[in-house]
Amino acid sequence: QLQVVESGGGLVQPGGSLRLSCKVSGDYLDYYTIGWFRQAPGKEREELSCISKSGKGTQYVASVNGRFTISRDNAKDTVYLQMNGLRPEDTAVYYCAVSPTTLYDVCELSGSQYGYWGQGTQVTVSS
(Lines give C-alpha, C1' and ligand atoms only; values in the text may rest on other atoms or scores of the structure.)
Protein backbone atom coordinates (compact mmCIF):
# COMPACT_ATOMS: atom_id res chain seq x y z
CA GLN A 1 0.00 0.00 0.00
CA LEU A 2 1.57 3.23 -1.20
CA GLN A 3 0.65 6.87 -0.75
CA VAL A 4 1.51 9.51 -3.34
CA VAL A 5 1.45 13.27 -2.70
CA GLU A 6 2.31 15.98 -5.22
CA SER A 7 3.29 19.51 -4.32
CA GLY A 8 4.86 22.59 -5.86
CA GLY A 9 2.18 23.83 -8.21
CA GLY A 10 1.10 27.42 -8.47
CA LEU A 11 0.63 30.45 -10.69
CA VAL A 12 3.54 31.56 -12.87
CA GLN A 13 4.02 33.90 -15.81
CA PRO A 14 4.92 32.60 -19.26
CA GLY A 15 8.60 31.77 -19.39
CA GLY A 16 8.71 31.06 -15.68
CA SER A 17 9.71 27.93 -13.82
CA LEU A 18 8.31 25.57 -11.22
CA ARG A 19 9.57 22.44 -9.55
CA LEU A 20 7.00 19.81 -8.68
CA SER A 21 7.65 17.17 -6.05
CA CYS A 22 6.17 13.70 -5.69
CA LYS A 23 6.56 12.10 -2.28
CA VAL A 24 5.94 8.35 -2.10
CA SER A 25 5.43 6.59 1.20
CA GLY A 26 4.36 3.16 2.35
CA ASP A 27 5.73 -0.33 2.80
CA TYR A 28 8.46 -0.32 0.16
CA LEU A 29 9.98 -3.54 -1.06
CA ASP A 30 11.64 -1.92 -4.07
CA TYR A 31 11.95 1.37 -5.90
CA TYR A 32 9.45 1.85 -8.70
CA THR A 33 9.01 3.52 -12.03
CA ILE A 34 7.37 6.92 -11.61
CA GLY A 35 5.42 8.88 -14.19
CA TRP A 36 4.29 12.50 -14.40
CA PHE A 37 0.99 13.22 -16.11
CA ARG A 38 -1.18 16.24 -16.69
CA GLN A 39 -4.76 16.95 -17.63
CA ALA A 40 -6.03 20.26 -18.94
CA PRO A 41 -9.72 21.20 -19.01
CA GLY A 42 -11.48 19.47 -21.87
CA LYS A 43 -8.44 17.42 -22.80
CA GLU A 44 -7.37 13.85 -22.28
CA ARG A 45 -4.81 13.02 -19.63
CA GLU A 46 -1.33 12.74 -21.10
CA GLU A 47 1.89 11.24 -19.84
CA LEU A 48 4.74 13.73 -19.84
CA SER A 49 7.70 11.89 -18.47
CA CYS A 50 8.82 8.76 -16.69
CA ILE A 51 11.84 7.78 -14.64
CA SER A 52 13.18 4.32 -13.92
CA LYS A 53 13.91 2.76 -10.54
CA SER A 54 17.44 4.08 -10.16
CA GLY A 55 16.83 7.29 -12.08
CA LYS A 56 19.15 6.31 -14.92
CA GLY A 57 16.36 5.87 -17.44
CA THR A 58 14.15 8.83 -18.37
CA GLN A 59 11.76 9.66 -21.19
CA TYR A 60 9.88 12.80 -22.24
CA VAL A 61 7.01 13.54 -24.53
CA ALA A 62 7.97 15.83 -27.40
CA SER A 63 5.99 18.82 -26.16
CA VAL A 64 8.08 19.12 -22.98
CA ASN A 65 11.39 17.68 -24.13
CA GLY A 66 14.14 20.21 -23.49
CA ARG A 67 12.02 22.23 -21.08
CA PHE A 68 11.17 19.73 -18.34
CA THR A 69 13.55 17.52 -16.39
CA ILE A 70 12.57 14.56 -14.25
CA SER A 71 14.82 13.36 -11.43
CA ARG A 72 14.61 11.38 -8.24
CA ASP A 73 16.18 11.19 -4.82
CA ASN A 74 15.49 7.70 -3.54
CA ALA A 75 16.93 8.51 -0.12
CA LYS A 76 14.05 10.96 0.25
CA ASP A 77 11.48 8.80 -1.60
CA THR A 78 10.87 11.80 -3.82
CA VAL A 79 10.65 12.41 -7.56
CA TYR A 80 10.88 15.88 -9.05
CA LEU A 81 9.73 17.54 -12.22
CA GLN A 82 11.64 20.72 -13.00
CA MET A 83 9.62 22.80 -15.45
CA ASN A 84 11.30 25.66 -17.29
CA GLY A 85 10.10 27.89 -20.07
CA LEU A 86 6.47 27.40 -19.09
CA ARG A 87 3.78 28.25 -21.60
CA PRO A 88 0.06 28.95 -21.20
CA GLU A 89 -0.68 25.59 -22.81
CA ASP A 90 1.13 23.92 -19.91
CA THR A 91 -1.74 24.93 -17.64
CA ALA A 92 -3.19 21.75 -16.17
CA VAL A 93 -3.48 19.60 -13.10
CA TYR A 94 -0.27 17.62 -12.77
CA TYR A 95 -0.30 14.11 -11.37
CA CYS A 96 2.36 11.72 -10.18
CA ALA A 97 1.84 7.98 -10.43
CA VAL A 98 3.69 4.84 -9.34
CA SER A 99 4.08 1.63 -11.30
CA PRO A 100 4.68 -1.19 -8.80
CA THR A 101 5.10 -3.90 -11.45
CA THR A 102 8.14 -2.62 -13.32
CA LEU A 103 10.80 -5.31 -13.55
CA TYR A 104 13.74 -3.52 -15.13
CA ASP A 105 15.63 -0.28 -14.60
CA VAL A 106 14.09 1.36 -17.65
CA CYS A 107 10.93 3.22 -18.50
CA GLU A 108 9.00 3.92 -21.68
CA LEU A 109 6.16 6.37 -22.20
CA SER A 110 2.85 4.50 -22.18
CA GLY A 111 4.75 1.36 -21.24
CA SER A 112 3.86 1.03 -17.57
CA GLN A 113 0.78 0.17 -15.57
CA TYR A 114 0.30 2.77 -12.84
CA GLY A 115 -1.49 1.57 -9.76
CA TYR A 116 -1.06 4.47 -7.34
CA TRP A 117 -1.90 8.10 -8.05
CA GLY A 118 -1.67 11.35 -6.19
CA GLN A 119 -4.47 13.90 -6.00
CA GLY A 120 -2.74 16.35 -8.32
CA THR A 121 -1.33 19.85 -8.08
CA GLN A 122 -2.56 22.78 -10.16
CA VAL A 123 -0.15 24.58 -12.46
CA THR A 124 -1.40 27.78 -14.06
CA VAL A 125 0.70 29.72 -16.57
CA SER A 126 -0.77 33.13 -17.28
CA SER A 127 0.28 36.74 -17.69
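Residues numbered from 1 in each chain as written. Predicted model: local features only at pLDDT ≥ 70, side-chain atom pairs only at ≥ 80, totals over all residues. Heavy atoms only, no water.

A word on the nonpolar core. If you look at the biggest cluster of nonpolar residues, it comprises 26 residues, and the most contacted ones within it are Trp36, Phe68, Leu81, Met83 and Tyr94. Elements with a minimum of two residues in this core: β1 (2-7), β3 (18-26), β4 (33-39), β5 (46-51), β7 (68-73), β8 (78-83), β9 (92-99) and β11 (121-125). Not counting residues within four places of it along the chain, the set of residues in contact with Leu81 comprises Leu18, Arg19, Leu20, Trp36, Phe68, Thr69, Ile70 and Tyr94. (Core = buried A, V, L, I, M, F, W, Y, C linked by side-chain atoms within 4.5 Å. Buried < 20%, exposed > 50% of the residue type's maximum accessible area, 1.4 Å probe, protein only. Helix = DSSP H or I, 4+ residues; strand = E, 2+ residues; numbered from the N terminus. Contact = heavy atoms within 4.5 Å.)

Scanning the model with the defined rule gives 2 disulfides in all. Through a disulfide, Cys22 is tied to Cys96; the S-S separation comes to 2.0 Å. With the S-S dihedral at roughly -75°, the linkage between Cys22 and Cys96 falls on the left-handed side. You can see Cys22 sitting in strand β3 and its partner Cys96 sitting in strand β9, a full 74 residues away along the chain. (Disulfide = S-S within 2.5 Å.)

A few words on the side chain of Glu6. Secondary-structure assignment places Glu6 in strand β1. For the buried Glu6, which has no salt bridge, the nearest side chain bearing the opposite charge is Arg45, at an N-O separation of 9.6 Å. Among the polar contacts made by the side chain of Glu6, one reaches the main-chain amide nitrogen of Cys96 at a distance of 2.8 Å. Among the polar contacts listed, one links the side chain of Glu6 to the backbone nitrogen of Gln119, at a separation of 3.1 Å. (Lys, Arg positive; Asp, Glu negative; His and termini not counted. Salt bridge = Lys/Arg side-chain N within 4 Å of Asp/Glu carboxyl O. Polar contact = N/O pair within 3.5 Å; in protein donor to acceptor, adjacent residues only side chain to side chain.)

Judged by side-chain polarity, Leu103, Tyr104 and Val106 come together as a nonpolar surface patch covering roughly 380 Å² of accessible area. Note on placement: Tyr104 falls in the loop between β9 and β10 (116-117). (Patch = residues over 30% accessible without salt bridge, like charges linked within 9 Å, V, L, I, M, F, W, Y side chains within 5 Å. Areas by Shrake-Rupley, 256 points an atom, 1.4 Å probe, with all protein chains shown as cover.)

Let us now look at the side chain of Arg67. Structurally, Arg67 is set in the loop between β6 (58-60) and β7. The class of Arg67 is buried, set by a relative accessible area of 10%. Not counting residues within four places of it along the chain, the set of residues in contact with Arg67 comprises Gln82, Met83, Asn84, Gly85, Leu86, Arg87 and Asp90.

Taken as a whole and assessed by the stated rule, the structure comprises 3 salt bridges. A salt bridge links Glu46 to Arg38, with the nearest nitrogen and oxygen atoms 2.7 Å apart. The class for Glu46 is partly exposed, based on a relative accessible area of 30%. Here Arg38 makes a salt bridge to Asp90, at a shortest N to O gap of 2.9 Å. Note that Arg38 is positioned in strand β4 and Asp90 in the loop between β8 and β9, a separation of 52 residues in sequence. Shared partners join several salt bridges into a network, and the residues in it are Arg38, Glu46, Arg67 and Asp90.

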